[in-house]
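Listed below are the residues making up each chain.
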Amino acid sequence: MNIAVIFAGGIGQRMKSKGLPKQFLSVHSKPIIIHTLEHFQNSEYIDAICISCVPEWIDYLKGLLNQYNITKVKDIVPGGETGQMSIVNGLRAADKWAKTCESDRHIVLIHDGVRPLIDEKLIKNCIDSVKKYGSAITSVAVKETVLMVKDSDTDEIDYIPNRANTRLARAPQCFWLDEILEAEEEEIAKGNINYIDSCSLMQTKGLKMHLVDGPMENIKVTTPDDFYSMRALLDAKENAQIYGED
């Protein structure tokens, strides 16, 4: 079975959305998280979806799922105190559901609720990569020079990595469910609950990460600029359909 774990446990302070969590902001008359979920709902490769959500917005999300006929969702659980813990709560829900299935192993696709510009090709490629290599980390090539500074409080450049060897990690990040959950539980037992993403955690476990190319437009909607960029990209996709552009 292939399970999408969607984490939407943040409130989006950088979005300045006046109390409405960023995942529920509307674009093209539809909440961002619904744009995201529809990719997994409509994918022939996805069997189930589990979501970790801001606790006080779970009922609101349930209403949206009914409104937009998102039927693959098996569980909605509260988000955690950190982004990592929101993912873990989603993984635990996925594992609980997976135990009701007959399949021996399950693939999990960990994805941001506010990263709505994925596509079916990426979902398939990620699943294929996990089957072959044990992992799939969506990434895109870096288009500009990256400057590494000595620390976050200085403007002194430490070094400049070779752009040809530099990638941006995006989502989904995908693994065998039993492997990622075991690694997460081990780190939580040590008190480590602030890993920036699943790739970073699994790298510390010695698992070789396999990269999968994703669409450049697969941005995470975090700031107002991201919101307007996403809206422009959706406009472009809609216009391409209307005017028959490639």
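No experiment lies behind these values; they were computed from the predicted model shown. Each residue is numbered by its place in its chain's sequence as written, counting from 1. Per-residue local features of the predicted model are confined to residues with pLDDT of at least 70, and side-chain atom pairs are confined, for both listing and counting, to 80 or more; whole-chain, interface and lining totals are unaffected and use all residues. By convention in this description, side-chain values take in all heavy atoms of the structure and omit both hydrogens and water.

Draft legend 1. Looking closely at helix α1 (residues 32–42). Along α1, 8 of the 11 residues are buried, which leaves the element largely enclosed by surrounding structure. Those residues of α1 not exposed but buried are Ile 32, Ile 33, Ile 34, His 35, Thr 36, Leu 37, Phe 40 and Gln 41. Three labels apply to residues, based on accessible area from a 1.4 Å probe with only protein chains included: buried if under 20% of the type maximum, exposed if over 50%, partly exposed otherwise in between. Secondary structure counts use DSSP, requiring at least four H or I residues in a row for a helix and at least two E residues in a row for a strand, with both numbered from the N terminus.

Draft legend 2. Structural context of the pairing of strand β1 (residues 2–8). Along β1, 7 of the 7 residues are buried, which leaves the element largely enclosed by surrounding structure. By the alternation rule, side chains of β1 split into Asn 2, Ala 4, Ile 6 and Ala 8 and Ile 3, Val 5 and Phe 7, which are all buried.

Draft legend 3. Quick look at the side chain of Asp 112. If you trace the backbone, Asp 112 turns up in strand β6 (residues 107–112). Judged by its relative accessible area of 7%, Asp 112 is buried. Of the polar contacts made by the side chain of Asp 112, one reaches the side chain of Arg 115; its length is 3.0 Å. We call two residues contacting when some pair of their heavy atoms lies within 4.5 Å. Ignoring sequence-local partners within four residues, the contact set of Asp 112 consists of Ile 6, Phe 7, Thr 36, Ala 171 and Lys 220. Any pair of nitrogen or oxygen atoms within 3.5 Å is treated as a polar contact; in protein, a donor-acceptor pairing is required on top of that, and neighbouring residues in sequence qualify only through side-chain atoms on both sides.

Draft legend 4. Seen up close, the pattern of salt bridges. By definition, a salt bridge exists where a carboxyl oxygen of Asp or Glu is found within 4 Å of a side-chain nitrogen of Lys or Arg. Per the stated rule, a full pass over the model turns up 13 salt bridges. Residues Arg 105 and Asp 178 are paired through a salt bridge, measuring 2.9 Å at the closest nitrogen-oxygen approach. A residue pair is termed long-range when its members are at least 10 positions apart, and Arg 105 in the loop between α3 (83–98) and β6 and Asp 178 in helix α5 (residues 177–189) qualify at 73 residues. For the salt bridge of Lys 220 with Asp 112, the shortest nitrogen-to-oxygen distance reads 3.8 Å. Of this pair, Lys 220 sits in the loop between β11 (211–213) and α7 (224–243) while Asp 112 sits in strand β6, and the two are 108 residues apart along the sequence. Owing to a relative accessible area of 32%, Lys 220 belongs among the partly exposed residues under this scheme. A network of salt bridges, in which partner residues are shared, links Glu 186, Glu 187, Lys 190 and Lys 205.

Draft legend 5. Looking closely at helix α2 (residues 58–67). Along α2, the positions that sit buried rather than exposed are Ile 58, Leu 61, Leu 64 and Leu 65. Relative to the axis of α2, the buried residues are bounded by an arc of 115° and lie together on one face. α2 presents Asp 59, Asn 66 and Gln 67 as exposed residues on the side facing more than 90 degrees away from its buried surface. If you follow the buried residues of α2, they end up packed against β3 (30–31), α1, β4 (48–53) and β5 (73–78). This arc describes the spread of directions from the helix axis toward the C-beta atoms.

Draft legend 6. The sheet that holds β4, seen in detail. Any two strands between which DSSP finds at least two bridges are classified as paired. Within the open sheet, the 7 strands sit side by side as β5-β4-β1-β6-β10-β7-β11. Their pairing is mixed. Two strands bound the open sheet, and with one partner strand each, they are β5 and β11. The mean angle between the axes of side-by-side strands here comes to 25°, regardless of whether they run parallel or antiparallel. Bridge analysis of β6 against strand β10 (residues 167–176) gives 4 bridges, and the strand direction is antiparallel. Bridging across to β10, Val 108 finds its partner in Phe 175. Its contacts with the sheet place α2 against β4 and β5, and it is angled at close to 160° to β5. To obtain an axis, a line is fitted to C-alpha atoms, over the contacting stretch when the element is a helix, and the angle between two such axes runs from 0 to 180 degrees between their N-to-C directions.

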